[in-house]
Amino acid sequence: MISFESDYDNGVQPEILKRFVETNSEKTSGYGFDAFCTSAKEKIKKACGLEQAEIFFLIGGTQTNATVIDGLCAGYEGVIAAQTAHISVHESGAVEASGHKVLNIPSNGSKLQAEEIDHYMKNFLADETYEHMVQPRMVYITMPTELGDIYTRQELADIYEVCRKHHLYLYIDGARLGYGLMSQKCDFDLPYLASHCDVFYIGGTKVGAMFGEAVVFTNMRAPRYFFTHVKRHGALLAKGRMLGIQFDTLFTNNLYFNISKHAINCAEELKEVFARHGIKMGVDSPTNQQFVILTKSQKEHLMKHIAFEIWEPIDDKHLLCRFVTSWATTKEDIEGLDKALAQL
């Protein structure tokens, strides 16, 4: 079965697997206090252009979001997010479970805009009873977004300026960060992103790693006892070197960016395949996530040969479906999709 279901349905990028085997017999201290993690952190700092950054390795995206938000927000504080944001929809209430309300505001598609955040905060502060409410403390955005949108450098700068104006942390979920940065529509690089937020994470799980994310505190110190917060949220790996090895490999010889670029190139080929067979795009995404409109009969036929995700129903006859490329997508995968579409 050919799969475009997700960007984490393969095991692990081969170079990482090779490093696992090469270092398997070595003995190291646990919980990230090892030479591999130290080396990985230095390489990430260099890639971000921030020698003072503080970096922590966590095991997964949901744990990362819950841990960072809980670490930076007091119990009476919440986080502003778009209605389509991952923490608003697909994280099983993990943020709310730690006592922090997700404050959804209307967004322009799947992106938040600076003026929307500013408008929300002005209205909030204009309410004489705001001290009785959950206090906004953070803005959460994803790069790229859940629907494959890309923030521009100006949009990112404007959002960060509004956050500083209202004393809000800006936190960027980078689960698919490599794919966003390598998109043809992205007009900034990793150092620019790192200098226009307070904390973000570099996704490994969806970008070649077997598991793991790297949290980067940029223009602020990590909260006191953040390591303890990580453990409290079940996000601390005892064999921390497994995370260090992965990120040390990903940030050697631009591997992280090269494999991300491969996925973007494959996604562009997917667009051409869909266009050739008259399949309409449901979302104009410049990233590795491609959203197309299929009839129910087309969906049933394709699912006999191709794995993909039904995103949401459009009407009684049509569905919005997601096809995702990754570092592991092959030419044969795309050719297989082309042949399956030809049989519709």
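Because the structure is a prediction, the values reported are computed rather than measured.

### Quick notes on the sheet that holds strand S9 (residues 281-283)
Part 1: As summarised here, the arrangement of the 4 strands in space is S9-S10-S13-S12, forming an open sheet in which the pairing is antiparallel. Here the strands that pair on one side only, and so sit at the sheet edges, are S9 and strand S12 (309-313). Adjacent strand axes in the sheet meet at a mean angle of 40°, parallel and antiparallel pairs treated alike.

### Quick word on the domain arrangement of the chain
Part 1: Its domain assignment divides the chain into domain 1 (2-7 + 259-342) and domain 2 (14-255).
Part 2: Once you take the C-alpha centre of each, domain 1 and domain 2 turn out to be 28 Å apart.
Part 3: On the side of domain 2, 21 residues touch domain 1, which itself brings 19 residues to the contact.
Part 4: The closest approach of N and O atoms between aspartate 7 and arginine 176, which form a salt bridge, is 2.5 Å.
Part 5: There are 5 residue pairs in polar contact (both at pLDDT 80 or more) connecting domain 1 and domain 2.
Part 6: Looking at the side of domain 1 that touches domain 2, the elements with two or more residues in it are helix H12 (255-276) and strand S10 (289-295).
Part 7: Sort the elements by how many residues they give to the side of domain 1 that touches domain 2 and H12 lands first, with 6 residues.
Part 8: Of the residues in the side of domain 1 that touches domain 2, the class split is 8 nonpolar, 6 polar and 5 charged.

### Some remarks on the sheet that holds strand S6 (residues 169-173)
Part 1: The strand order S2-S8-S7-S6-S5-S3-S4 describes an open sheet built from 7 strands, whose pairing is mixed. Each having just a single partner strand, strand S2 (54-58) and strand S4 (102-105) make up the two edges of the open sheet. Shown here is a sheet whose adjacent strand axes are inclined to one another by a mean of 25°, direction ignored.
Part 2: With 4 bridges connecting them, strand S3 (residues 77-82) and S4 associate as parallel partners. Bridge pairing links alanine 81 to asparagine 104 in S4.
Part 3: Against the sheet, helix H3 (residues 61-72) makes contact with S2, S3, strand S5 (135-142), S6, strand S7 (199-203) and strand S8 (213-217), and its axis sits at roughly 175° relative to S6, the strand it touches most.

### Thoughts on the pattern of salt bridges
Pairs can form between side chains of opposite charge once their charged atoms are near each other.
Part 1: Summed over all chains, the structure comprises 15 salt bridges.
Part 2: Glutamate 54 serves as the salt-bridge partner of arginine 221, at 3.5 Å between the closest nitrogen and oxygen. Taken as a pair, arginine 221 in the loop between S8 and helix H10 (226-232) and glutamate 54 in strand S2 lie far apart in primary sequence, 167 residues in all.
Part 3: The class for arginine 221 is exposed, based on a relative accessible area of 62%.
Part 4: Salt bridges sharing partners connect three or more residues here, namely Arg19, Lys43 and Asp248.

### Some thoughts on the UniProt feature "domain: Aromatic amino acid beta-eliminating lyase/threonine aldolase" (unreviewed entry) in the chain
Part 1: Taking the UniProt record as the reference, the feature "domain: Aromatic amino acid beta-eliminating lyase/threonine aldolase" (unreviewed entry) is found at residues 14-293.
Part 2: Along residues 14-293 one finds 42% helix and 16% strand; the C-alpha atoms at either end are 34 Å apart.

### What about the side chain of histidine 301?
Part 1: Position of histidine 301 among the secondary structure elements: in helix H13 (residues 296-302).
Part 2: Setting aside residues up to four positions removed in sequence, histidine 301 forms contacts with Ala340, Gln343 and Leu344.

### As for the packing of helix H1 (residues 14-23) against helix H11 (residues 241-250)
Part 1: Packing of H1 against H11 leaves a shortest axis separation of 9 Å and a crossing angle of 130°. Put simply, H1 runs oblique to H11. Pair H1 / H11 crosses with right-handed handedness. Of H11, the residues touching H1 (which contributes Glu15, Ile16, Arg19, Phe20 and Thr23) are Arg241, Met242, Ile245, Gln246, Asp248, Thr249 and Leu250.
Part 2: The residue makeup of the contact of H1 with H11, split by class, is 5 nonpolar, 3 polar and 4 charged.

### Points about the packing of aromatic side chains
Part 1: For the structure shown, the criterion picks out 15 aromatic pairs.
Part 2: Aromatic pair phenylalanine 291 and tryptophan 311: ring centres 5.3 Å apart, planes at 80°, arrangement edge-to-face. Of this pair, phenylalanine 291 sits in strand S10 while tryptophan 311 sits in strand S12, and the two are 20 residues apart along the sequence.
Part 3: The ring of tyrosine 151 has lysine 111 sitting right over it, with the charged end atom 5.7 Å from the ring centre.
Part 4: One residue, arginine 153, lies across the ring of tyrosine 192, its end atom 4.1 Å from the ring centre.

### A word on the nonpolar core
Part 1: Ranked by size, the top nonpolar core spans 63 residues in total, and within it Ile44, Phe200 and Ile202 carry the most contacts.
Part 2: Counting the residues that make up this core, at least three belong to each of domain 1 (2-7 + 259-342) and domain 2 (14-255).
Part 3: Residues in contact with phenylalanine 200, not counting those within four places in the same chain, are Cys48, Tyr171, Ile172, Leu177, Leu190, Leu193, Ala194, Ala214, Val215, Val216 and Thr218.
Part 4: Grouped together as the second largest cluster of nonpolar side chains are 27 residues, Val68, Leu72, Cys73 and Tyr201 included.

### Some words on the pairing of S6
Part 1: Judged by how many residues are buried, S6 sits mostly within the fold: 5 of 5 residues are covered.
Part 2: Side chains of S6 alternate between two faces, with Tyr169, Tyr171 and Asp173 and Leu170 and Ile172 buried alike.
Part 3: Bridging between S5 and S6 involves 5 bridges; their strand directions are parallel. Paired with tyrosine 140 across the strands is tyrosine 171, a residue of S6.
Part 4: Handedness of the β-α-β unit built from S5, helix H7 (residues 153-165) and S6 comes out right-handed.
Part 5: Taken together, the 2 bridges between S6 and S7 define a ladder with parallel strand orientation. Each bridged residue has a counterpart across the sheet, and for tyrosine 171 the counterpart in S7 is valine 199.

Cut-offs used in this document
Residues numbered from 1 in each chain as written. Predicted model: local features only at pLDDT ≥ 70, side-chain atom pairs only at ≥ 80, totals over all residues. Heavy atoms only, no water. Pairing = 2+ DSSP bridges. Helix = DSSP H or I, 4+ residues; strand = E, 2+ residues; numbered from the N terminus. Axes fitted to C-alpha atoms, helices over the stretch in contact; angles between N-to-C directions. Domains from an automatic or database assignment. Contact = heavy atoms within 4.5 Å. Salt bridge = Lys/Arg side-chain N within 4 Å of Asp/Glu carboxyl O. Polar contact = N/O pair within 3.5 Å; in protein donor to acceptor, adjacent residues only side chain to side chain. Nonpolar A, V, L, I, M, F, W, Y, C, P; charged D, E, K, R; others polar. Buried < 20%, exposed > 50% of the residue type's maximum accessible area, 1.4 Å probe, protein only. UniProt positions renumbered as here; feature names shortened; annotations may be inferred. Parallel < 35°, antiparallel > 145°, perpendicular 65-115°, else oblique. Left-handed = near helix turned anticlockwise from the far one by under 90°. Phe/Tyr/Trp six-rings, centres within 6.5 Å; stacked < 30°, edge-to-face > 60°. Lys NZ or Arg CZ within 6 Å of the ring centre and 35° of its normal. Core = buried A, V, L, I, M, F, W, Y, C linked by side-chain atoms within 4.5 Å. Right-handed = clockwise from strand over helix to strand, strands pointing away.

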